[in-house]
Amino acid sequence: MFPEPKTVTNDALDKLPMFATDQEIAVAIVGKERAAYYRQAIIPTLEPKGFPSKDALHGGRPVPQVKQFYALYFGITSGFALAKPDGPERVWIGRRAEKRIDDEERRRAAGEEVSERDPGTEDQRLLKAMAEYRAKKAGEYGAKKAR
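Residues numbered from 1 in each chain as written. Predicted model: local features only at pLDDT ≥ 70, side-chain atom pairs only at ≥ 80, totals over all residues. Heavy atoms only, no water.

Colleague: How do you make sense of the pattern of salt bridges when you look at a structure like this?
Modeller: Two side chains that carry opposite charge are able to pair once their charged atoms sit near each other. Using the criterion set out here, one finds 13 salt bridges in the structure. Of the charged contacts, one joins D103 and R106 as a salt bridge, the two residues approaching to 2.2 Å between their closest N and O atoms. Placement of both D103 and R106 in helix α5 (residues 95-109) is noted, with a separation of 3 residues, approximately one turn of the helix. D103 is the salt-bridge partner of R107, the closest N and O atoms lying 3.3 Å from each other. Linking R107 with D103, this pair stays in helix α5, spanning 4 residues, or about one helical turn. The exposure class of R107 is partly exposed, given its relative accessible area of 28%. Its relative accessible area of 27% is what places D103 among the partly exposed residues. (Salt bridge = Lys/Arg side-chain N within 4 Å of Asp/Glu carboxyl O. Helix = DSSP H or I, 4+ residues; strand = E, 2+ residues; numbered from the N terminus. Buried < 20%, exposed > 50% of the residue type's maximum accessible area, 1.4 Å probe, protein only.)

Structural data, given as structure tokens:
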């Protein structure tokens, strides 16, 4: 378990409710004069780096997480990562399985009768990834055959 990260202390942030609007957060962080720019240009830039998302239920961003984000941004804490994933998680099925599936689909597209081999796993995520790869390859070879 990671230690509780220190947070940035700022009177303006401390006075905000637990969930605040982008305008309230912007005013607390950069002041009224630069709040519009912060809202329009800075927040979208920070979101992929882990800036907290808006909570639809509460209608704002969680202020404690905003404080933690800035603590990490300034390097106040160490050993704690608050970042969004790059994209959807991909399941690795392995080169041998890819090669076998590729060969089966190539032969199937050529008109041969090919039976699918046992995948050797009961992991549903892996089976789904293999089925998606098989469909992709079948589509590729089907498109080549249609030409």
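Colleague: Please explain the nonpolar core as it appears in this structure.
Modeller: The tendency in soluble globular proteins is for nonpolar side chains to be buried as a group. With 16 residues, the main nonpolar core has L16, I25, Y38, L46, F51 and Y70 as its most contacted residues. Those elements that provide at least two residues to this core are α2 (22-30), α3 (35-46) and α4 (63-73). Filtering out sequence-adjacent residues up to four positions away, L46 remains in contact with Y38, F51, F69, Y70 and Y73. Core analysis: the next-biggest nonpolar cluster, separate from the first, contains 7 residues, A97, L126, M130 and Y133 among them. (Core = buried A, V, L, I, M, F, W, Y, C linked by side-chain atoms within 4.5 Å. Contact = heavy atoms within 4.5 Å.)

Remember that the coordinates give geometry; whether it matters functionally is a separate question.
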